[in-house]
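# Examination of the molecular architecture
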Amino acid sequence: ANTISGSIAYLRANRVDVVSGTKFGLAAIPGALISTWLADYIKLSTFSFYVGVFLLVLAGYIFARSFLSLASKRAPGSPGRHNAKDDNGYAAALGGSAEVPVERVLVDSSGQVFRYAVKETLGMIITAVIGVLSTFLGIGGGLIQVPAMVYLLGFPVHIGTATSHLITAINAGFTLIPFILHGDVVYKPAILLAVGVVGGAQLGARWSTKLPGEKLMMLLIPVLALAGLRLLFS
């Protein structure tokens, strides 16, 4: 409910990379479906501990990157303000890959132009791994997906955030089926929570357009830290 609502809002704003998002979402399905079966055979407490540590490290990494980015802008001679490069050049794709990036140009509903290059094969591999982790733990894939898309695949922050909703909507839509068939869904609280997140996703998508990319990434820090601590001590 959350990711479908968010995807609709971001599609209206024309900030979703539909081609890459669809490919990444479909690539995540096989591993996510397998993980719904493997969850009965793996000691989740141990698995959760290591993922919790990973989320805390990721929160620290984003904090360090954001701090360095802000410090460089405040240095003498720096522009000291938000500009197009903040979103379109905030992260560089991984080097050393033989894959030729696919060029993308998106113009959102406000007229802002986003130019970037996507390594789709690498992205499909990364998203497949994230699909397994997020399905095992029942956490939103966007927690890990957005940093991966920005720092590893070179997506502009706003495009990565929006596209992550589409990826998770596709992935979650398919992986929900075995959970329903196994009788794992408790419908009453699920429906009540869904009502809340549908409206919240619309507000979040609207507010995200008002923030520069680096500040959006900084908002992930407390969420990742809290999720990591919960997994460590649950």
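A few points on the structure. None of these values were measured; they are calculated from a predicted model. (Residues numbered from 1 in each chain as written. Predicted model: local features only at pLDDT ≥ 70, side-chain atom pairs only at ≥ 80, totals over all residues. Heavy atoms only, no water.)

## Quick word on the packing of helix H1 (residues 2–12) against helix H8 (residues 187–208)
- Running from N to C, H1 and H8 cross one another at 35°; their axes reach a closest spacing of 8 Å. For the pair H1 and H8, the sense of crossing is right-handed. Mapping the contact onto sequence places Asn2, Ser5, Gly6, Ala9, Tyr10 and Arg12 in H1 and Val197, Val198, Ala201, Gln202, Gly204, Ala205 and Ser208 in H8.
- Along the lines of polarity and charge, the residues of the contact of H1 with H8 split into six nonpolar, six polar and one charged. (Axes fitted to C-alpha atoms, helices over the stretch in contact; angles between N-to-C directions. Helix = DSSP H or I, 4+ residues; strand = E, 2+ residues; numbered from the N terminus. Left-handed = near helix turned anticlockwise from the far one by under 90°. Contact = heavy atoms within 4.5 Å. Nonpolar A, V, L, I, M, F, W, Y, C, P; charged D, E, K, R; others polar.)

## Notes on a nonpolar patch on the surface
- Taken together, the side chains of Leu26, Leu33, Phe174, Ile177 and Leu181 present a nonpolar region at the surface, about 480 Å² in accessible area.
- Mapped onto the nonpolar patch, the elements with two or more residues apiece are helix H2 (18–38) and helix H7 (157–181).
- When residues in the nonpolar patch are grouped by element, the largest group, three residues, is from H7.
- Note on placement: Leu33 falls in helix H2.
- A residue is classified by how much of its surface remains accessible, and Leu33, at 32% relative accessible area, is partly exposed. (Patch = residues over 30% accessible without salt bridge, like charges linked within 9 Å, V, L, I, M, F, W, Y side chains within 5 Å. Areas by Shrake-Rupley, 256 points an atom, 1.4 Å probe, with all protein chains shown as cover. Salt bridge = Lys/Arg side-chain N within 4 Å of Asp/Glu carboxyl O. Buried < 20%, exposed > 50% of the residue type's maximum accessible area, 1.4 Å probe, protein only.)

## Structural notes on the pattern of salt bridges
- Under the criterion given, the structure shown has four salt bridges.
- For Arg104, the salt bridge goes to Asp17, with nearest N and O atoms at 3.0 Å. Of the two residues, Arg104 sits in strand E1 (residues 102–107) while Asp17 sits in the loop between H1 and H2, which places them 87 residues apart along the sequence.
- By relative accessible area, which is 14% here, Arg104 ends up buried.
- What makes Asp17 buried here is its relative accessible area of 2%.

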